[in-house]
Structure formats: structure tokens, C-alpha cells
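A look at the structure
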Amino acid sequence: MKILLTAFEPFNGRDINPSQLILEKIEAPEGVALIKELLPVEFNATTEILKGLLKQHQPDVVISLGQAGNRPEISVERVAVNLDNCRSSNGEKITPDNAGDAPVDQVIVEGAPQAYFTNLPVWDMVKAIQETGVPAAVSYTAGTYVCNHVMYTVLHEVATNYPKMKAGFIHVPFLPEQNPEKGYVMEFNDMIKGIQAILECFENNP
Ligand code: PCA
């Protein structure tokens, strides 16, 4: 069982991203070959990086991690949409990526499906996290920023070139030391417990 686990660098002027710290700390369960890759928070760059990683490693499972600071629990994403958009939902704020690109309402892959569902067992994953005592939920939007872009790009590759591969995305909240003005936080140990439980779902179970 080979799992590709990705996470992101900090973005939007912050100096840490909990997904990066999880990537550094998490350990492969028995029988799992874990490939760890840190991604830049850049729409364009991640596309080619991900295509290269899938081709090079041909993993059985791809799990991508990112931060969604406005959520109280670990979110297991169900769907990725074919849309890059840096504009906030109220239309007031544009958040460029780390390369300075700021797409608004741009299709990711012309002519491709408007959305893909993950082919990972989202409810089993939520249950596995909850059983460790850590709050978790299925989420029906990964947003329209770089996390959604990564989830969509991987699922489009899976649909097009790798029919046996499974892939999905997980968002984690802010850490307490990120001091969000508003928003939720989760202790680092709980994040590790939750993500470790997910990896263990695939231990003997492709
Ligand atoms: N979260 C952002 C991008 C990188 C990250 O960790 C997102 O939710 O799109």
C-alpha cells in the first residue's frame, strides 16, 4: 500500500500552516509506504507538480492536507469543483496565491466535468477520526482556492489516467498559536491523532 500524502506551505501572510507540521510529524503505519510532499500554495505550479508525482510514484492512495481556519473540526472533503477563484464569497476581498496569481471564476480544465466526488470512503474516514475522540465531519465544499485546485487536479488525473487510484482532500483548523481573530482552533496532537487514524484505515485495506 503506497500513499502519497501532500500538505501546503504557509499562505496569506501567515508563518505556519498546520498541514505542513502534520506532514513533517506523521508516521507511516505498518505496511504502508508513505511518500510525503510539501506543495507551494500556487495554482499553476501545483498542477504540474502533482501530475509529475502521480506519474513518478503511482500511489494507491493520494491524500492531500490543507488548512481551513473557519472550521471547528477535521473536514473530509467530498467534492472538488472545476473552478479557481480567489475572491471571497461576499466579493470584497481577493487573496492572491503565493506566486501573486489571483484567478477569479476561472475554469481549471476546459471541457472537463464541473465537479468530481472523491472516491475515498469519506464516512469511514470521519468515523475513524471520531473514534479517537477528535471532532470530524464530511464537508461538501473544499472552497475555490488552491486546496480545491489540488483536489480537482488529482481527481481529474485519476479519472483520466489512473482508474484504480483513490484520492481525496482533508482540511484541518487553525492551531491555537495561530491566534485567529475569529475562528476555531485544534491542538496539534489532536490533528496528528486524526490524520494518523485516517492513514490506518488504509493499512490493510486498499
Ligand atoms: N489552505 C488553502 C490553500 C492552502 C491551504 O492550506 C485552501 O483551503 O485552499
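Just above, that's the structure.
Now for a look at the structure at hand. (Residues numbered from 1 in each chain as written. Predicted model: local features only at pLDDT ≥ 70, side-chain atom pairs only at ≥ 80, totals over all residues. Heavy atoms only, no water.)

**Description of the overall build of the chain**
Helix and strand counts for the chain stand at five helices and eight strands. Ordering the α and β elements of the chain from the N terminus gives β-α-β-α-β-β-β-β-α-β-α-β-α. Within the chain, the proportion of its 206 residues that are buried is 51%. Considering only contacts within the chain whose residues lie at least 6 apart along the sequence, 78% involve residues at least 24 apart. When the accessible surface of the chain is summed, it comes to about 9800 Å², and 47% of that surface belongs to carbon and sulfur atoms. In the chain, 15 side chains carry a positive charge and 26 a negative one; their mean positions are 4 Å apart. (Helix = DSSP H or I, 4+ residues; strand = E, 2+ residues; numbered from the N terminus. Buried < 20%, exposed > 50% of the residue type's maximum accessible area, 1.4 Å probe, protein only. Contact = heavy atoms within 4.5 Å. Areas by Shrake-Rupley, 256 points an atom, 1.4 Å probe, with all protein chains shown as cover. Lys, Arg positive; Asp, Glu negative; His and termini not counted. Charge placed at Lys NZ, Arg CZ, Asp CG, Glu CD.)

**Description of the pattern of salt bridges**
In this structure the tally under the stated criterion is five salt bridges. Note that Arg 87 and Asp 105 form a salt bridge whose closest N and O atoms lie 3.2 Å from each other. With Arg 87 in the loop between strand S5 (79–81) and strand S6 (115–117) and Asp 105 in the loop between S5 and S6, this pair connects stretches of sequence that are 18 residues apart. Residue Arg 87 is classed as partly exposed on the basis of its relative accessible area of 36%. By relative accessible area, Asp 105 is classed as partly exposed at 47%. (Salt bridge = Lys/Arg side-chain N within 4 Å of Asp/Glu carboxyl O.)

**Some remarks on helix H4 (residues 146–161)**
Across its 16 residues, H4 extends 22 Å between first and last C-alpha, which sits within 8% of the 22 Å expected from 1.5 Å per residue. Most of H4 is tucked away: 13 of the 16 residues are buried. (Expected span 1.5 Å × (residues − 1).)

**Examining the packing of aromatic side chains**
Applying the stated rule across the entire model yields four aromatic pairs. Aromatic pair Phe 11 and Tyr 145: ring centres 5.9 Å apart, planes at 40°, arrangement tilted. Taken together, the residues Phe 11 in the loop between strand S1 (2–8) and helix H1 (18–25) and Tyr 145 in the loop between strand S7 (136–139) and H4 connect sequence positions 134 residues apart. For the pair Phe 11 and Tyr 145, one class covers both residues: buried. Plain terms: the ring middles of Tyr 116 and Tyr 152 are 5.0 Å apart, the flat faces sit at 45° to each other, and that makes the pair tilted. Linking Tyr 116 in strand S6 with Tyr 152 in helix H4, this pair joins segments that are 36 residues apart in sequence. Here Tyr 116 and Tyr 152 have matching classes, each one buried. A network of ring pairs unites the aromatic residues Phe 11, Phe 43 and Tyr 145 as a single cluster. Positioned above the aromatic ring of Phe 117, the side-chain terminus of Arg 78 is 4.6 Å from the ring centre. (Phe/Tyr/Trp six-rings, centres within 6.5 Å; stacked < 30°, edge-to-face > 60°. Lys NZ or Arg CZ within 6 Å of the ring centre and 35° of its normal.)

**Digging into the side chain of His 156**
With respect to the helices and strands, the residue His 156 is situated in helix H4. Of the residues examined, His 156 reaches a relative accessible area of 18% and is grouped as buried. Every residue in contact with His 156, bar those within four places of it in the chain, is listed here: Val 109, Ala 112 and Tyr 116.

**Brief notes about the environment of Thr 141**
Within the secondary structure layout, Thr 141 lies in the loop between S7 and H4. Along the sequence, Thr 141 and Arg 78 sit 63 residues apart, while their C-alpha atoms lie 7.3 Å from each other. Filtering out sequence-adjacent residues up to four positions away, Thr 141 remains in contact with Arg 71, Glu 77 and Val 79.

**Here's the deal with the site of the ligand**
The environment of the ligand is made up of Phe 8, Phe 11, Asn 17, Val 41, Gly 66, Gln 67, Tyr 145, Val 146, Cys 147 and His 171. In the model, an oxygen atom of the ligand is placed 2.9 Å from a nitrogen or oxygen of the Asn 17 side chain. Here an oxygen atom of the ligand sits 3.0 Å away from a polar atom, N or O, in the side chain of His 171. Within the complex, the protein chains bury 94% of what would otherwise be the 260 Å² of accessible surface of the ligand. (Near = heavy atom within 4 Å. Polar contact = N/O pair within 3.5 Å; in protein donor to acceptor, adjacent residues only side chain to side chain.)

**Notes on the pairing of S1**
The element S1 is extensively covered by neighbouring structure, given that six of its seven residues are classed as buried. Pairing of S1 with strand S2 (residues 33–39) involves seven bridges; the strand directions are parallel. Paired with Leu 5 across the strands is Lys 36, a residue of S2. As judged from the four bridges shared by S1 and strand S3 (residues 61–67), these two strands associate in the parallel manner. For Leu 4, the partnering residue across the bridge sits in S3 and is Val 62. (Pairing = 2+ DSSP bridges.)

**Comments concerning the state of the cysteines**
Applying the stated criterion across every chain, the model contains zero disulfides. The structure places no disulfide on Cys 86, whose sulfur is separated from the nearest cysteine sulfur, that of Cys 147, by 12 Å. (Disulfide = S-S within 2.5 Å.)

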